[in-house]
Amino acid sequence: MESISSDIIVENPPQEMMKTKPNDDELGFGTEFTDRMFLQEFKGGQWQTGRIMPFQNFSLSPAALVFHYGQAIFEGLKAYKHPDGSVALFRPEKNAQRFHRSAKRMMMAPVPEEFFLESVEKLVALEHEWIPRKLGTSLYIRPTMIATQAVLGVKPSEEYYYFIILSPSSAYFKEGFSPVKIMVSDKYVRAAVGGVGDAKTAGNYAASLYAGYLAKKEGYSQVLWLDAKENRYVEEVGAMNIAFVMDDIIYTPPLRGSILPGVTRDSILKLAPDLGYKVKEEALAIDVIEEAAKSGNLTEVFGMGTAAVIAPVGELKYKDDVMVINNGEIGKITKDLYDNLTGIQYGTRDDPYGWVKKIQI
Ligand code: COI
């Protein structure tokens, strides 16, 4: 199942097809794509030769399994241009591992981790001129796998597309690095233990849309999910993991199988203690958070994700309770973590962890 050739064929787009690169100040998130993409097909029980080719549409049978039963997984990571002109990825091996795990959970053909890394690096190297330079911008990398076999039986596909697209992007939230407003869902849930909440599979995101729509109608950008069993313990936000600062301790829910094991979450759990902060992975009940907000002990809330980076939360709404966090302003710890994490990512601070992976361009 895992046999893969590491030769990658490169087919460059003709000069006249090359797009004009956007200005760093005009970037949104995930709206523009570079000139090339990577594509590799799995069929006949093995991965075929991978190809870097001009960014283009797919032609798939309407019976392709992905359209019917949702066998689809993806990843998100970023490439940064450092001040010395070099190109860096941030902990890409974590994405390679998670992509492999997600594939197994979804009964898809796993991509060997070293090949995932090679395909990402080779594509980014060819497209390095698309990496924006401004702090807060980066080249967002979206490796994806979909089931392409044309058959209507509910079964694992025997054919897949593994592809990578690249998007020069700015902040995920329109607020940028400014506090976002989040609504706690007391009715809908994202994932149950035993389900696929810890796999990065497309359906988890589709399942979040209705509650997201209801939250947006009330002026909130995202939904904070509670656990599916007791509807009491906070889980994650969908586009990011979540942390609460109470009594000067940073709390984040533990990985119990229903939460996505975020790369940024993992990095903060390692970085924060080295900056002198106490961190605890602990189940957090929403009523305990409400109490802490009332007594003034809840001083900061922030999200952690590749796209979201560190996102300060300025307001949390649960049922009729509106909790304003830190007067709706960015907290000191949140800012310190943001500065240190992005400093490592953008190459302006030392990287004692070996998280930054420079690639040959
Ligand atoms: C990421 O942070 O890279 C993600 O994949 C989240 C996505 C919803 C933008």
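Residues numbered from 1 in each chain as written. Predicted model: local features only at pLDDT ≥ 70, side-chain atom pairs only at ≥ 80, totals over all residues. Heavy atoms only, no water.

### A closer look at the pattern of salt bridges
Note the threshold: We count a salt bridge whenever a side-chain nitrogen from Lys or Arg sits within 4 Å of a carboxyl oxygen from Asp or Glu. Segments assigned H or I by DSSP are reported as helices when at least four residues long, segments assigned E as strands when at least two residues long, and all are numbered from the N terminus. Buried means the residue's accessible area, taken with a 1.4 Å probe over protein chains only, is under 20% of the maximum for its type, while exposed means over 50%, and partly exposed covers the values in between.
Applying the stated criterion across every chain yields a total of 18 salt bridges. Taking the shortest distance from any N to any O, the salt bridge between Arg91 and Asp266 comes out at 2.9 Å. With Arg91 in the loop between strand S7 (87–90) and helix H2 (92–105) and Asp266 in helix H6 (residues 263–274), this residue pair connects regions lying 175 residues apart in the sequence. The residues Arg91 and Asp266 share a single accessibility class, namely buried.

### Topic: the pairing of strand S6 (residues 77–81)
Filter applied, for reference: When DSSP finds two or more bridges between a pair of strands, those strands are recorded as paired.
Burial analysis of S6 places 5 of its 5 residues in the buried class, the great majority of the element. The alternating pattern of S6 places Leu77, Ala79 and Lys81 on one face and Lys78 and Tyr80 on the opposite face, and all of these are buried. The sheet contact formed by S6 and strand S8 (residues 138–147) spans 3 bridges and is antiparallel. Its bridge partner lying in S8, Lys78 is registered against Tyr140. As paired strands, S6 and S7 are joined by 3 bridges and run antiparallel to one another. If you follow Tyr80 over to S7, its bridge partner there is Ala88. Linkage of S6 to S7, two consecutive antiparallel strands, is achieved through a turn of 5 residues, within which Gly85 is found at a positive phi near 90 degrees.

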